[in-house]
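# Results of the structural survey
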Amino acid sequence: RGVSSNVRLSRKDVVQNWIKQGESFELTETCKLVLLEGDITEWHIDGQTDAIVNAANTRLLGGGGVDGAIHDAAGRELKEACRQIPQVTRGVRCPTGEARITRGFRLPVSRIIHTVGPIYWNNSRAAEQLQDAYKNSCSLAVQEGLKYIAFPAISCGIYGYPVEEAASVALRTVKETSAGLQEVHFVLFEEKAYFTWSNEAESTLKKI
Ligand code: ADP
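So, here is what we can say about the structure in this document. (Residues numbered from 1 in each chain as written. Predicted model: local features only at pLDDT ≥ 70, side-chain atom pairs only at ≥ 80, totals over all residues.)

What follows deals with the overall build of the protein chain. If you tally the helices and strands in the protein chain, you get 6 helices and 8 strands. Order of helices (α) and strands (β) in the protein chain, N terminus to C terminus: α-β-β-β-α-α-β-β-α-β-α-β-α-β. A compact globule built from 208 residues should have a C-alpha radius of gyration of about 17 Å, and the protein chain, at 16 Å, falls within 12% of that. Taking the principal axes of the C-alpha coordinates as reference, the protein chain spans close to 45 × 45 × 30 Å. For the protein chain, the residues scored as buried account for 43% of the 208 residues in total. Taking as baseline every contact in the protein chain between residues at least 6 positions apart, the subset at least 24 positions apart corresponds to 69%. (Helix = DSSP H or I, 4+ residues; strand = E, 2+ residues; numbered from the N terminus. Rg over C-alpha atoms; globule rule 2.2 N^0.38 Å. Buried ≥ 20, exposed ≤ 12 C-beta atoms within 10 Å, placed from the backbone. Contact = placed C-beta atoms within 7 Å.)

Where helix 5 (residues 163-177) meets helix 6 (residues 191-204), the closest approach of the two axes is 9 Å, and the angle between their N-to-C directions is 50°. Relative to helix 6, the element helix 5 is oriented oblique. The two elements helix 5 and helix 6 meet at a crossing, and its hand is right-handed. When helix 5 is examined against helix 6, the residues Val 163, Glu 164, Ala 167, Ser 168 and Leu 171 are found in contact with a partner set consisting of Lys 192, Ala 193, Thr 196, Trp 197, Glu 200, Ala 201 and Thr 204. (Axes fitted to C-alpha atoms, helices over the stretch in contact; angles between N-to-C directions. Parallel < 35°, antiparallel > 145°, perpendicular 65-115°, else oblique. Left-handed = near helix turned anticlockwise from the far one by under 90°.)

In this section: the site of the ligand. Not every one of the 21 residues close to the ligand is listed here, only the nearest: Ala 55, Gly 65, Gly 157, Tyr 159 and Phe 189. It is helix 2 (residues 65-74) that contributes the most residues to the shell around the ligand, 4 residues altogether. (Near = placed C-beta within 6 Å.)

Before going further, it helps to examine the packing of helix 4 (residues 126-143) against helix 5. Close contact between helix 4 and helix 5 brings their axes to 9 Å; oriented N to C, the two are set at 35°. Between helix 4 and helix 5 lies a crossing whose hand is right-handed. For the pair helix 4 and helix 5, contact is made by Ala 127, Leu 130, Gln 131, Tyr 134, Lys 135, Cys 138 and Ser 139 and by Ala 166, Val 169, Ala 170, Thr 173, Val 174 and Thr 177, respectively. In terms of residue class, the contact of helix 4 with helix 5 is made up of 8 nonpolar, 4 polar and 1 charged. (Nonpolar A, V, L, I, M, F, W, Y, C, P; charged D, E, K, R; others polar.)

So, on to the pairing of strand 2 (residues 32-37). In the case of a regular strand, side chains alternate between the two sheet surfaces. For strand 2, the tally of buried residues reaches 5 of 6 residues, placing the bulk of the element in the interior. In the sheet, strand 2 pairs with strand 7 (residues 183-188) via 6 bridges, with the strands oriented parallel. Following the sheet pairing, Glu 37 is matched in strand 7 by Leu 188. (Pairing = 2+ DSSP bridges.)

Here Ala 73 shows up in helix 2. Among residues more than four places away in sequence, those in contact with Ala 73 are Thr 41, Arg 106 and Leu 107.

This paragraph deals with the pairing of strand 5 (residues 111-115). By the criterion of burial, strand 5 is predominantly enclosed, with 5 of the 5 residues buried. Alternating residues of strand 5 divide into Arg 111, Ile 113 and Thr 115 and Ile 112 and His 114, and every residue in both groups is buried. Here 5 bridges tie strand 3 (residues 50-55) to strand 5, and the two strands are oriented parallel to one another. Paired with Asn 54 across the strands is His 114, a residue of strand 5. Two strands pair when backbone bridges link them, and strand 4 (residues 99-103) and strand 5 are joined in this way by 5 bridges, in the antiparallel orientation. Paired with Arg 103 across the strands is Arg 111, a residue of strand 5.

Encoded structure:
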């Protein structure tokens, strides 16, 4: 990593101040929950056992919202790495609810976990699929020996999932599947999502 890593670290240390707010809760006896407001592309812990989760689409070649922001920040090598992930059916590299992993490339994290949340409308399996997206992301992180993971509000943008319902599914699911992780973070881009997650955590978890 050498010199460039030093340069990047000092720059990122400044940039990370852009991530505002911070509240911690006891998710389980061994895992902490941290809620932050800001841009997930700036999040990192140690660059070695940390991963951010991308709310991708099934093609895994980039898109709008957080997916676009992650691809822009990670650089073109990310798209190349995603292209190499085998298609399970035509054009589909990651079915809804599943997860895939790549390196972080130009991001300050070690890994990016790409998951696909459900499209909310006319979808009777939306809750189950959102739960799967969180669960499979956590399992993959544990399997890869990661300790710190940061999620955005999966499906709460273009995919239309109501924030209150999503917060409840998200927190319940990470609580059930975080064994093996040290900290689960949510980096919420919109104030409304931040406060909704915060209220949900306050009513179900112990603040620390
Ligand atoms: P989806 O298609 O799963 O709905 P979106 O990217 O449209 O994905 O939105 C998911 C959530 O990510 C939304 O709450 C949106 O505000 C948020 N978001 C967008 N950009 C960022 C970012 N840079 N960091 C963290 N969250 C982001």
